[in-house]
Amino acid sequence: MKTMALPIGLKKWIHVSGLMMLVSVSLMATGPRITAAMFAQAKNEIVAVEKPPLYAMQQPSGGLVFEIVTAALKTQDEMATLTTYPVRKMADYYLTQEKVLGALGRAQNLSEADKKGNIVLPVYRVHEHYYYYKPFHPKGIVWKGALSDLKGLRYGAREEENTQAYEKAGIKIVRLSGLDLFKKLKEGSVDFINEPELSAKVMLEANLQADKNQFGEMNPAPFESTVLIVFNVKNEDAKTISKKFRDGLTTILENGQYQAILEKYEGKNSLSASHVKDFKIQWKKELLRK
Amino acid sequence: MKILFSVCIAMICATIVNADFVDAKSVLPETVGLSSQRLKNIDTLTDKLIDEKKMAGTVVLIARHGKIAYFKATGLADTDKPMEKDTIMRVMSMSKPITSVATMLLYEQGKLLLSDPVSKYIPEFKNQKVLVPLQKGSPFPYKLLPVKREVTIRDLLAHTSGIMYLSYAGIYPNEPGRQDMLNLYKGAQINDGYCRSDEEIGEMVKRLGRLPLTAQPGEVWEYGLNSDVLGYLVEVVSGVKFDKFVEQNIFKPLKMNDSYFYLPEEKINRLAAVYKSDWNGTLERVGEHEMLFSNELAMCPYDAYQTSGKYLSGGGGVLSTAYDYFRFCQMLLNGGELDGVRLLSRKTVELMSATNHSGQFDATYLHGHGWKFGLGFAIQQDREHDVDAGDVGVFEWAGLYSTRFSVDPKEDKITIFFSQTTPFGHHFDLWDKLLVLSGSAISDSTTEGKK
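Predicted model only: the values in this text are computed from it and were never measured.

> Explain the overall build of chain B residue by residue, including any values.
The helix and strand tally for chain B stands at eleven helices and 19 strands. Taken over the C-alpha atoms alone, chain B extends approximately 80 × 45 × 45 Å along its principal axes. The 451 residues of chain B split such that 54% are buried. Restricting the contact set of chain B to residue pairs at least 6 apart, pairs at least 24 apart contribute 67%.

This is the structure we're talking about:
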C-alpha cells in the first residue's frame, strides 16, 4: 500500500490536532493527568553524541555545528531539534533503527552502517590536535604529520573509531569512552588522544581545570577533519530536507552567516576565516559531486 | 541482688559513656525496658567477631524511648587506633534515607510533588526509553520503547524508576538486555558513587537521564542510582549544593556534628579504615588508594580521606558516626522531630514508611520477601518470612561497608551497627542476629520507664 507524502506543515497540524483530541478524551475519562509531554510536537530530530561546543543540548543554541544546521534550514523555512546522548551506541540506534531525521558526527566516528544508503553531507571542518600528558612526556611528543612518528605509543581511541591507520603505523590501540579521554591520559593508561581543539578546551575547563596546563598539544602538526550530517533515508522527509539543507548551507556560506557562527565560537581571527575558506572549497566540490 | 548488680554496672557504664562522649548520654537499660543482662549477649557477639578476626572493630548502639541504653565500641578503627564510639565511618547506602529526608523537606515546603516527573527539574529525563532485548540474531540486539509514563520523584524514592546500579548487574547475569544496559552505563561513565569522580554529580545524572531504563517506571523494584539523582534534584530545586543543603537542613538542626560528605581536616584522624575480611579469620586493611573490585563493583574507600571534592553522592557519600546516625533515626522515630526541632511532619514520616509505594514488588535485595520499600528504606510488612527484624513496621537499611540501622516504631527502639568491613555479603547473618539480640533484650515487665 502506498502512502501519500503530506507537506510537513500539514502533518504537524494533523499531529497537533490529534494530540488535542487525545487530550480531550483523557479529560473526559478517568485517565492519567495531563502533562506537558502530551503537548510535545513532532519534530525533525537530529541526534549526536554530546560534545560541547560542537553539538550540545547543554547549550541553548545546540552548539556550533547544530547552529549551522539550524541556520541553513531556517533560510528554507525549516527547523530541526537536537537530541544528544552520552554514548555513540545510542545515537547509532536512533539513526539505524528509528526514523530520526539525521545524525551529526565527525567522519572518523561515524560507522559505515551509519552512512550506508543515507545522504551524507559535510557541515564543518574541525581543527584537531593530538594531546598528551606532560608529566609522562616531559620532552613532549614530536609529530611531524606522519602516524609512523608515533610508532610504539598507546593511542586512546573511541570505541567506535576506525583505527586501521594507527595500527598499520605500529601504534597500540586502547579503546576508551569518549568522555574520559583526558582522564585516561592523566592516569597514564594511554600516551596520546585526539580531540577537536574547541571541545578539548571545554572538557579541560569543565573537568580538569586545575590540571589543564599539564596537557600538551602535539606540535607542529594539527590537522582537520570533517563533521558530517547524515540524513536518515528511513525518515520520509529526509530527502526533501537534505535538499533544503544543501540550499540553505550554500546561502549562509555566501551571506556571511556561516562565518559569523564560527566566529561566535572560535573567535574572530584568521583561523576561523581560513576554516570558512577551506570549507567553501570543500562545499563547492560537494555541490559538483552531486 | 542480681538486678541491683546489673543496675550498678549499667550505671558505671553510663558514667563512662558520659565521660568520653558528652552528648551521648546513656541510661540504665532497665529504665527503658531493656535488660542489661540480655544486652550483654551483644558483647559476646561482637567480641567473638573481633576475636575470630572477622571484623576489625564495631560500634553498636541501641536506644529505646529516646534514650541510649547500649553503646559500645569494640576492636580497632585502624591498625594504630582503637574503635571509639565517635569513630567516623562511611555509611554508604545509609546516605539514602538522608537524601530522602532532604527531598521530603522540599516536598513539605511545597517546592515539589512526589508525582512530579523528574524531567520537570532535570530536562535530560524527558522522553526516556526502556531497553527491551530482541531475539538473538536480530540486526540490533534491542529495541528502545518510549516510557508509558515518565519517571516521577516517588519512583526515585521508592526505587521503582528502572534506573539500575552497575554493580548489581551480577544479580541478573543471564537476564537478556542486562549486558547491553551495562555497556551503555559504562560507555556513559556512570558511576555507582562508591568512588568519588572528579565531576559534579549533576554531570553524571544528566548523562544517566539520556540512557534507557531497565523497565517501565513503576513496573519494577530495582535498587539503583535513584538517590544520586535525588541529590542533584535537591540542588536544582533548592538552588543550594547538595552537601550544603543537607548540612543546613538536616545535620545542623539535628546536631549531627560529625556528619559530612567531605571530612574537615581536623576530623580525618577519626575516620576508620576499611578492612577486607574473608570471614574465616583473614583480615586485611585496605591499602592507601587501593581500589576494590568485584565484578562490576568498584569501591574506593580511600576517597573518604579527601577533605574536599565535587562529587556529592546522595546514594552513598555520607560519612557519619553511630551516634549521629542515631539522632537521625530518632528524628524519624519521633515522627519528624528531635529535641524540639521539627524537620518533618508526622504525616510525612508516615508517608515515607508506608508499605505500598513499590506496589506488588518486595524489596528483596537486603531482606528477602516480606519487606517493602518506602521512600528511602525497607519496611517489614509481615512476619511470615525469613528475615524478621522484630515487628511489622520496622524500617531499616544498610551500607556497603557493613553498617546498618533498624527502627522499630512499635517498641520505640533503634538499633545501629557500624563497622567498616568488606565484602558486604558476609554480614546479613550478623545483622539479623544483632536484631534478635536487640529485640530479645526487651523486658518491659522489669522497667518503670515504659513510655
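> Can you break down the domain arrangement of chain A residue by residue, with the values?
Residue and element names in this part refer to chain A. Examined at the domain level, chain A breaks down into domain 1 (13–42), domain 2 (44–125 + 226–289) and domain 3 (127–224). The C-alpha-based centres of domain 2 and domain 3 are spaced at 25 Å. Contact with domain 2, which involves 14 residues of that partner, is made by 13 residues of domain 3. Of the residues contributing to the side of domain 2 that touches domain 3, the split by class is seven nonpolar, three polar and four charged.

> Break down the packing of helix α3 (residues 95–108) of chain B against helix α8 (residues 242–251) of chain B for me, with residues and values.
Residue and element names in this part refer to chain B. One way to put it is that α3 packs onto α8 with a least axis distance of 10 Å and a crossing angle of 80°. Put simply, α3 runs roughly perpendicular to α8. Here Ile98, Val101, Ala102 and Leu105 of α3 come into contact with α8, specifically with Phe245, Val246, Asn249 and Ile250. When its residues are assigned to classes, the contact of α3 with α8 shows seven nonpolar, one polar and no charged.

> Before we move on, can you summarise the nonpolar core with the specific residues and values?
Membership of the largest hydrophobic core comes to 185 residues, with the highest contact counts inside it found for Val65 of chain A together with Leu61 and Ile416 of chain B. Residue contributions to this core peak at nine residues, all from helix α9 (residues 322–333) of chain B. Core analysis: the next-biggest nonpolar cluster, separate from the first, contains 20 residues, Tyr132, Trp143, Ile171 and Met203 of chain A among them.

> For the sheet that holds strand β19 (residues 421–422) of chain B, give the residues involved together with the corresponding values.
Residues and elements named next belong to chain B. Spatial strand order, β8-β7-β19: three strands in an open sheet with mixed pairing. Each of the sheet's edge strands pairs with one partner strand only, and the pair in question is β8 (283–285) and β19. Here two bridges tie strand β7 (residues 275–277) to β19, and the two strands are oriented parallel to one another. If you follow Tyr275 over to β19, its bridge partner there is Thr421.

> Give a description of the interface of chain A and chain B that names residues and reports values.
With 16 residues of chain A at the interface, the matching set in chain B holds 15 residues. It is helix α3 (residues 88–97) of chain A that contributes the most residues to the side of chain A that touches chain B, five residues altogether. Residues of the side of chain A that touches chain B, tallied by class, amount to eight nonpolar, five polar and three charged.

> Account for the sheet that holds strand β14 (residues 371–373) of chain B, naming residues and giving values.
Picture the strands of a sheet paired through backbone hydrogen bonds; they go either parallel or antiparallel. Residues and elements named next belong to chain B. Across the sheet, eight strands lie side by side as β3-β2-β1-β18-β17-β16-β15-β14; this open sheet has antiparallel pairing. Looking along the sheet, the strands with just one partner apiece sit at the ends: β3 (81–82) and β14. Contacts between helix α11 (residues 428–440) and the sheet are confined to β1 (57–64), β16 (395–399), β17 (403–408) and β18 (413–418), with β18 contributing the most and set at about 145° to the helix.

> Quick rundown of the environment of Leu76 of chain B? Include the residues and the values.
All names here are of chain B. For Leu76, the location among the structural elements is in strand β2 (residues 67–78). Distance from Leu76 to Thr160, taken between C-alpha atoms, is 39 Å for residues 84 residues apart in sequence. Those residues in contact with Leu76 that lie beyond four places of it in its chain are Ala56, Gly57, Lys81, Pro82 and Met83.

> Explain the pairing of strand β4 (residues 119–133) of chain A to me, and be specific about the residues and the numbers.
Residue and element names in this part refer to chain A. For β4, the tally of buried residues reaches eleven of 15 residues, placing the bulk of the element in the interior. With nine bridges connecting them, β4 and strand β9 (residues 223–231) associate as antiparallel partners. Across the sheet, Ile119 pairs through a bridge with Phe231, a residue of β9. Taken together, the four bridges between β4 and strand β7 (residues 192–196) define a ladder with antiparallel strand orientation. Bridge pairing links Tyr130 to Asn194 in β7. Pairing geometry for β4 and strand β8 (residues 215–217), over three bridges, is antiparallel.

> Residues and numbers for the pairing of β2 of chain B, please.
All names here are of chain B. For β2, a buried count of ten out of twelve residues is recorded, marking the element as mostly surrounded by other parts of the structure. Looking at chain direction, β1 and β2 are connected through eight bridges and run antiparallel. Within β2, the residue paired with Ile62 across the bridge is Tyr70. Where β1 folds back onto β2 in an antiparallel hairpin, the turn is made up of two residues, including His65, whose phi is positive at roughly 50°. Summarising the sheet, β2 and β3 pair through two bridges and their orientation is antiparallel.

Calculation notes
Residues numbered from 1 in each chain as written. Chains lettered and ligands numbered in written order. Predicted model: local features only at pLDDT ≥ 70, side-chain atom pairs only at ≥ 80, totals over all residues. Helix = DSSP H or I, 4+ residues; strand = E, 2+ residues; numbered from the N terminus. Buried ≥ 20, exposed ≤ 12 C-beta atoms within 10 Å, placed from the backbone. Contact = placed C-beta atoms within 7 Å. Domains from an automatic or database assignment. Nonpolar A, V, L, I, M, F, W, Y, C, P; charged D, E, K, R; others polar. Axes fitted to C-alpha atoms, helices over the stretch in contact; angles between N-to-C directions. Parallel < 35°, antiparallel > 145°, perpendicular 65-115°, else oblique. Core = buried A, V, L, I, M, F, W, Y, C linked by C-beta atoms within 7 Å. Pairing = 2+ DSSP bridges.

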